[in-house]
Structures are given as C-alpha cells and as structure tokens.
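The residues making up each chain are set out below.
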Amino acid sequence: MSSKIDFQIIKSESVFLDPRKSYEPTTMEFQVRVDPLTGRTGHFSHFGAVKPQKLDLESYDQTGIKGFCPFCPKNREKATPKFTKDIFTAGRSSRGEATIIPNLFPYDVHSSVLIMTDEHVVPIRNFSKQRLLDAFSLGIEFLKKIHTIDSSLPYHLMTWNYMPPSGGGIVHPHQQYFATAYPGNQFMDELRASEKFHQQHDKMFWLECIGEEQKREERYIGQIGNSHWLSSFVCFGFLGDLLCVFPDAFSIDDFTDTHIDNLVSGMLNIFRYYESAGVYSFNVSLFFGPVEQNFFPCHFRITPRTFLNIRDFAPDMNFFQTVLAEPICLVLPEELCREVKPFFA
Ligand SMILES: [Zn+2]
C-alpha cells in the first residue's frame, strides 16, 4: 500500500552567464517543497550561503550595551508584574532559578513570561538539564493551572526567542507561555489539516509521518522515550528546523513530567550540536492542541537564527518571510539530519 504521506519536491534550476567563469553558462539548482500536512510551500536554495555568526556574548553584560534588565534578580521584584491572586496568591511562582510572571505587554488573555535563569547572559552550553527541567515544568504547570481556571481558551503554547538574532528583545533567557483562542496561522493550519487527514484516513497524520520517516531514514533522527526527533521536510529558518513529536500527548493536560524529561534530553542533544555548529541563537515553539481530540499531538520545533553578518547586522528574515509568507532554507533537511544524528546516538 502506498504511503498516505506525500513528500513532494519540485526540483528546478536557473541558468545565467557567470561573471566568475568568463560568462560561461552556469546552472544553479533550487527546490520547492510542499508540506505533506498543510500543503504550504517552502523554498530551498542558495545552499550553504549563510553560516551562523559568532556573537560576542561577553559584551551583552557590559554597561552601556546591557542597559536596564527587568529580569535580573536585583530588579525583578520592583520591575516585573505579578499575577492576580486567582492565579498565584503570591503573585509569581518559582522553581529553581525559573520564575514565571505575567507579560507587562500581553499578547493574549494569558500571556506569561518565564525567566529561566538568575544569570543575564547564558551561553547555550550553560543550559543544564536542571535549568531546562525547572523552566519547562514550571511553564507547563502554569498552563495546566490556567486551563483549570479558564477552559474557554482551548490552545496552549510555549515560545522562546534566544539571543538578539532571534528577535529576542532582552538577552536574559526567557520563554513565553500562552493560553489562547488564537495561537497563530501555523498552529491553526496544522490543526485543521490534522483533523482533515484523520477524517479521510481514520489515522493520525503525525504517527503515519513518523512511520514513513523511520522507513525512509532521510530525516528521522531518533527516539527518546515516546518522543520522536526529526528534521523538518519544510523548514521555516535559513539553517533548517528540527522537530519533536509526542504522539501520545495531545493537550496540555496530557503532557507529563516524562514528556518534559524526554523533551529536555533531546534539546540538550540539539544544544550540543548547535555548539559544534556555531549556532548562537534560535526560535522555539511547543504546541499543545485542544482536549478531546486524538489527531493533533503536542510537538516542538527549533530553528537557528543568525545575523547575516556582524558588520551591519542584516537579519536572516527578508521579503520571503515578511511579505510573501514563504519560508526559505539554505540547507537540505536530509543533510541537517545527517549532522544532528550522531548527537542522538
Ligand atoms: Zn538580566
């Protein structure tokens, strides 16, 4: 029986007269891929053109560059908001170094910020297992609590901008945890497409996809507990996206300490890869679907970010993402998988 998952790649090329080769004709290849779930396309071209730039992390701690940081322990008490008493009677909640607070500039009804560390500048290698476990378990416990208080908001998500190239406005490590009715276009497109696939095939897209990826051995990286790690067939970032799917957890209520442990273990592997690859910045999402469904499992995505250069700090997002809403990636997911896999061995 043929697969229900269609990994469609449109390979194409462009020919020009090359000034580097005495104007001889040169052929450059590129690809357009169609996401097997949502049907949305992504471009793959300009292969290998961008390398992640080294950030001068020490400079972020220097007076003048650092500026005022509300998340540093000495400012936190006076500069950060508190939750209303129905959420946390003490106003904030902490675990280890992690502290969760409301966002002073909320994006949604329940829009929290989780300060991950006491230190202002934390290199990737200094995210210990304990620091990550404390952050994720506190953030997820917050979302579970919000769900009991306000079940009218069906979707939950965690996001993380790490370091300035990712769009992070504050260097001090912090994540966002949202309960929302409007989790964004990507979330909703995936949710609707997952439901449609389930109706058509009476199967869960994500499990089918994992099975197919395991068979193909092109993008499947490995399994930790019941979490499955792979490179994304269509990538949102220049340097390729890594995914983790938890096929036995669907809503925030299903996400246990074991899931958190598996997530953090995989992230630590990715962080070791990022160290070796010179990645200094990334974006992260973790999606939790609504309750009472069995077709849209919790899943995680991480994608590196970089300035194109540190001469004029050109960002790695351009018209493609901002006005065409089309991702462009400069590495092939199959190559990314090959590079990351040894870190999961
Ligand atoms: Zn700080």
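What you are looking at is a predicted structure, and each value in this text was computed from that prediction instead of being measured.

Conventions and cut-offs
- Residues numbered from 1 in each chain as written.
- Predicted model: local features only at pLDDT ≥ 70, side-chain atom pairs only at ≥ 80, totals over all residues.
- Axes fitted to C-alpha atoms, helices over the stretch in contact; angles between N-to-C directions.
- Helix = DSSP H or I, 4+ residues; strand = E, 2+ residues; numbered from the N terminus.
- Parallel < 35°, antiparallel > 145°, perpendicular 65-115°, else oblique.
- Left-handed = near helix turned anticlockwise from the far one by under 90°.
- Contact = placed C-beta atoms within 7 Å.
- Nonpolar A, V, L, I, M, F, W, Y, C, P; charged D, E, K, R; others polar.
- Pairing = 2+ DSSP bridges.
- Domains from an automatic or database assignment.
- Buried ≥ 20, exposed ≤ 12 C-beta atoms within 10 Å, placed from the backbone.
- Arc of directions from axis to C-beta.
- Core = buried A, V, L, I, M, F, W, Y, C linked by C-beta atoms within 7 Å.
- Expected span 1.5 Å × (residues − 1).

**Comments concerning the packing of helix α2 (residues 129-149) against helix α5 (residues 257-277)**
In a packed pair of helices, the relevant descriptors are the angle between the two axes and the axis-to-axis distance. Running from amino to carboxyl end, α2 crosses α5 at an angle of 140°, the nearest separation of the two axes being 10 Å. One way to sum up the angle between α2 and α5 is to call them oblique. The chirality of how α2 crosses α5 is right-handed. Note on element contacts: α5 touches α2 through D257, I260, D261, L263, V264, M267 and L268, opposite K129, L132, L133, F136, S137 and I140. In terms of residue class, the contact of α2 with α5 is made up of 9 nonpolar, 1 polar and 3 charged.

**Some words on the sheet that holds strand β2 (residues 24-34)**
Within the open sheet, the 4 strands sit side by side as β1-β2-β3-β14. Their pairing is mixed. Single-partner strands in this sheet number two, and they are β1 (8-18) and β14 (328-329). Across 2 bridges, strand β3 (residues 41-44) lies against β14 in parallel orientation. Counterpart to H43 in the pairing with β14 is I328.

**Observations concerning the sheet that holds strand β7 (residues 155-162)**
Judged by pairing direction, the sheet is antiparallel, and its 10 strands sit side by side in the order β4-β5-β6-β8-β7-β12-β13-β11-β10-β9 without closing on themselves. Looking along the sheet, the strands with just one partner apiece sit at the ends: β4 (93-95) and β9 (220-224). Sheet twist, expressed as the average angle between the axes of neighbouring strands with direction ignored, equals 15°. Here strand β5 (residues 98-102) pairs with strand β6 (residues 110-115) via 4 bridges, running antiparallel. Counterpart to I101 in the pairing with β6 is V113.

**A word on the domain arrangement of the chain**
Domain boundaries assigned for the chain yield domain 1 (8-44) and domain 2 (57-344). Between the C-alpha centres of domain 1 and domain 2 the distance comes to 30 Å. The partner domain 2 presents 14 residues to the 10 residues of domain 1 that form the contact. For the side of domain 1 that touches domain 2, the element with the most residues is β3, which contributes 4 residues.

**Let's talk about helix α7 (residues 333-340)**
Those residues of α7 that fall on the buried side of the exposure criterion are P333, L336, C337 and V340. Each buried residue of α7 sits inside an arc of 100° when the element is viewed along its axis, so together they form one side. On its buried face, α7 sits against β9, β10 (227-231), β11 (242-246) and α5.

**Examining the nonpolar core**
In terms of nonpolar packing, the biggest core is built from 79 residues, with L114, I270, C298 and V340 touching the most fellow members. No other element matches α2, which puts 8 residues into this core. Beyond its immediate stretch of four places on either side in the chain, C298 contacts F246, A249, F250, F255, L286, F287 and F288.

**Re helix α4 (residues 205-216)**
Note that an α-helix has 3.6 residues per turn; residues three or four places apart therefore point the same way. Between its first and last C-alpha atoms α4 spans 16 Å; for 12 residues at 1.5 Å apiece the expected length is 16 Å, and the two agree. Taken together, the buried positions of α4 are occupied by F205, W206, C209, I210 and E213. Projection of α4 onto a plane perpendicular to its axis shows the buried side chains occupying an angular sector of 130°, all on one side. Each element contacted by the buried residues of α4 is listed here: α3 (185-201), β9, β10 and β11. Of the residues trailing α4, E217 is marked for its positive phi of about 55°.

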